[in-house]
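# Architecture and fold: a report
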Amino acid sequence: MSNRYTSRTLAVQTLYEWDFRGKDSSNLQNVLEYNFSEFAPDFDDEGFAKKLIQGIVDHLETIDALIIQYAPEWPIDQITIIDRNILRVGIYEMVYDQDIPARVAINESIELAKAYGGASSSKFVNGVLGSIYKHVIDDIAAKEERLAAVYEEKKKQKEAAKEAKAQAASSGDQDGDQAEGEEEEVLEKK
């Protein structure tokens, strides 16, 4: 299981309890800490789950408006708590998180729905997130282009670092060869 998948799982568990208990954000950090200690005690996600939860809470009104708009047959209060919060995670990552490609956000949400939702949850989540993706594709495309540029830049930096390391190693060998030659010269003079 990947680290981010584990973080998303812990975030969904935390959001589930938060939603179930009336969306009281004052206790959210304690719930998250409890979930980490209970389900992933040695796991360090470098704040990913916390960032995810905070982003969802900060954008909750807009996220829920998207759910209402793209799942019109389902009043938001009638969507199961788990499905509702999986959708929130997917929408937040797809629309607001600048580090997660939209298709990854959709796929990860579908996987969460398969693991924790009901028999048709994954299809429901896929349908809602797919519809949102189609309608906000221009905004998402700009995000995807930025992510691709960042990826290419990181790739170039890695290649440059490898090349510099290889050059340093080869110049180190030349220095070693030169030193050996000098030693032989000194020995010959004696």
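Sequence order as written defines the numbering, with residues in each chain counted from 1. The model is predicted, so local features are restricted to residues of pLDDT at least 70 and side-chain atom pairs to those at 80 or more, both for listing and for counting; the totals for chains, interfaces and linings are taken over all residues. To get the side-chain values, take all heavy atoms of the structure and skip hydrogens and water.

## Description of the overall build of the protein chain
- Regarding its fold elements, the protein chain presents eight helices and zero strands.
- Along the protein chain, from the amino end to the carboxyl end, the secondary structure elements read α-α-α-α-α-α-α-α.
- Only protein chains enter the accessibility calculation, which uses a 1.4 Å probe; a residue is then buried when its area is under 20% of its type maximum, exposed when over 50%, and partly exposed in between. Looking at the protein chain as a whole, 37% of its 190 residues are labelled buried.
- By definition, residues are in contact when any of their heavy atoms lie within 4.5 Å. The contacts of the protein chain with a sequence gap of at least 6 include a subset with a gap of at least 24, amounting to 73%.
- The method behind every accessible area is Shrake-Rupley, applied with a 1.4 Å probe, and residues are considered shielded solely by the protein chains displayed. Carbon and sulfur atoms form 50% of the exposed surface of the protein chain, whose accessible area is close to 11,900 Å². Numbered from the N terminus, helices here are DSSP runs of H or I no shorter than four residues, and strands are runs of E no shorter than two.

## Description of the pattern of salt bridges
- Each reported salt bridge corresponds to a side-chain nitrogen of Lys or Arg within 4 Å of a carboxyl oxygen of Asp or Glu. For the structure shown, the criterion picks out nine salt bridges.
- Residue Glu108 is joined to Arg8 by a salt bridge in which the shortest nitrogen-to-oxygen separation is 3.6 Å. Residue Glu108 is found in helix α6 (residues 102-116), and its partner Arg8 is found in helix α1 (residues 3-20); the two are separated by 100 residues along the sequence. For the pair formed by Glu108 and Arg8, the shared burial category is buried.
- Two residues, Lys114 and Glu111, come together in a salt bridge whose shortest N-O distance is 3.4 Å. On the criterion of helical spacing, the pair formed by Lys114 and Glu111 is a turn pair, its members being three residues apart in helix α6.
- Several salt bridges converge on common partners, so that one network encompasses Asp19, Asp64, Arg84 and Arg88.

## Some points on helix α2 (residues 28-39)
- Expected helix span is given by 1.5 Å per residue-to-residue step, counting one fewer step than there are residues. Helix length check: α2, at 12 residues, gives a terminal C-alpha distance of 16 Å against a target of 16 Å (1.5 Å per residue), a fit within 8%.
- Of the positions making up α2, those classed as buried are Leu28, Val31, Leu32, Asn35 and Phe36. What you see down the axis of α2 is that its buried residues fit within an arc of 135 degrees, all on one side.
- The inward-facing, buried residues of α2 contact α1 and α3 (48-58). As used here, the arc is the angular range of directions from the helix axis to the C-beta atoms.

## Some points on the confidence of the model for the protein chain
- Per-residue confidence from the predictor is given as pLDDT, running between 0 and 100. On average, residues of the protein chain score 83 in pLDDT, and 84% of them reach the 70 mark or higher.
- When pLDDT is averaged over each helix and strand of the protein chain, the minimum, 68, is found for helix α8 (residues 137-189) and the maximum, 95, for helix α5 (residues 81-96).
- In the predicted structure, residues 182-190 sits below a pLDDT of 50 and forms zero contacts with residues beyond four places in sequence or in another chain.

## Things to note about the packing of aromatic side chains
- Stacked, edge-to-face and tilted are the three classes for Phe, Tyr and Trp ring pairs, Trp counted by its six-membered ring, which pair at centre distances within 6.5 Å; planes under 30 degrees apart are stacked, over 60 edge-to-face, the rest tilted. The full count for this structure, using the stated rule, is three aromatic pairs.
- Ring plane angle 5 degrees and centroid distance 6.4 Å describe the contact between Tyr16 and Phe20, whose orientation is recorded as stacked. Of the two residues, Tyr16 and Phe20 both sit in helix α1, four residues apart, roughly one turn of that helix.
- A relative accessible area of 35% places Tyr16 in the partly exposed class.
- Phe20 sits in the exposed class, given a relative accessible area of 59%.
- Relative to Phe124, the ring of Trp74 lies with its centre 6.0 Å away and its plane at 65 degrees, an arrangement referred to as edge-to-face. One end of the pair, Trp74, is in the loop between α4 (60-70) and α5; the other, Phe124, is in helix α7 (residues 121-135), with 50 residues separating them in the sequence.
- The buried category is assigned to Phe124, whose relative accessible area is 19%.

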